[in-house]
Amino acid sequence: MRIILLGPPGAGKGTQAKMIVKDFQIKQLSTGDLLRENRKQGTDLGKEAQKFMDAGDLVPDSVILGMVAEEFKKPELEPGYILDGFPRTCPQADGLDQLLKDQNLNLDHVLVLEVPDSELVRRLTARRSCSECGHIYNLVFNPPQKDGICDHDGSPLIHRSDDTEATVVNRLAVYKKQTEPLIDHYDPQGLVRHIDGTGNVQDIYNRILAVLK
Ligand code: AMP
């Protein structure tokens, strides 16, 4: 199964992707996670991406497509994957179409998680994630048991540098302008499934399951 997970920042893509991965034994490919890992390791790619990420702007398409093309060579992706945060622009969607065509593969679903803007800002500014395992918490509706510490592995939680209110507003504007039009890219192929992304995590996941099964 090959799925794209679309939705604005804070819609819960990462959280839902991790649940899908567990149940369907496919891989999560998050371009945001890959970029953050590159940044942490201090690679050239990470250094190049840093200024775009800090401003809440998109990293250039050529950089992203090169990175994804490398990932697509990995045999771990053969059973299927969920693309989280990619594609984010029309040229990236065209690039993905080409990569799939080269491998003689198709997409199965494009899931669009829908959440109102006011809720997104509230979610993102309260979001924290584990510095080691990446588990995502929310200080308001899904806090860790111990302040600032991951329930799963005891590592410190971090507040992403691009989850501040000023950057979040820009990221939402960038989503509307550059990423939302992708719904029209995939609609004619009959792949788009709109999912109500409000409510608790399990309810949202059940809506996704109803579409996938
Ligand atoms: P995310 O974790 O998906 O919210 O991504 C965090 C940041 O990484 C974004 O605000 C962008 O700066 C960058 N990024 C992640 N994925 C992409 C992509 N597909 N295209 C361009 N920039 C991206």
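Residues numbered from 1 in each chain as written. Predicted model: local features only at pLDDT ≥ 70, side-chain atom pairs only at ≥ 80, totals over all residues. Heavy atoms only, no water.

(A) Examining the site of the ligand more closely. In the vicinity of the ligand there are 16 residues, among which Thr-31, Arg-36, Asp-57, Gly-85 and Gln-92 approach most closely. Thr-31 places a polar side-chain atom, nitrogen or oxygen, 2.8 Å from a nitrogen atom of the ligand. Arg-160 has a polar side-chain atom sitting 3.2 Å from an oxygen atom of the ligand. Alone, the ligand offers 480 Å² of accessible surface; in the complex the protein occludes 96% of this. (Near = heavy atom within 4 Å. Polar contact = N/O pair within 3.5 Å; in protein donor to acceptor, adjacent residues only side chain to side chain. Areas by Shrake-Rupley, 256 points an atom, 1.4 Å probe, with all protein chains shown as cover.)

(B) Here's a closer look at helix α2 (residues 31-41). Among all positions in α2, only Thr-31, Gly-32, Leu-34, Leu-35 and Asn-38 are buried. One side of α2 holds all its buried residues, which, seen down the axis, span an arc of 165°. In α2, the exposed residues that point more than 90 degrees away from the buried face are Lys-40 and Gln-41. Summarising the contacts, the buried residues of α2 are in contact with β2 (27-30), α3 (44-55), α4 (61-71) and β3 (81-84). (Buried < 20%, exposed > 50% of the residue type's maximum accessible area, 1.4 Å probe, protein only. Helix = DSSP H or I, 4+ residues; strand = E, 2+ residues; numbered from the N terminus. Arc of directions from axis to C-beta. Contact = heavy atoms within 4.5 Å.)

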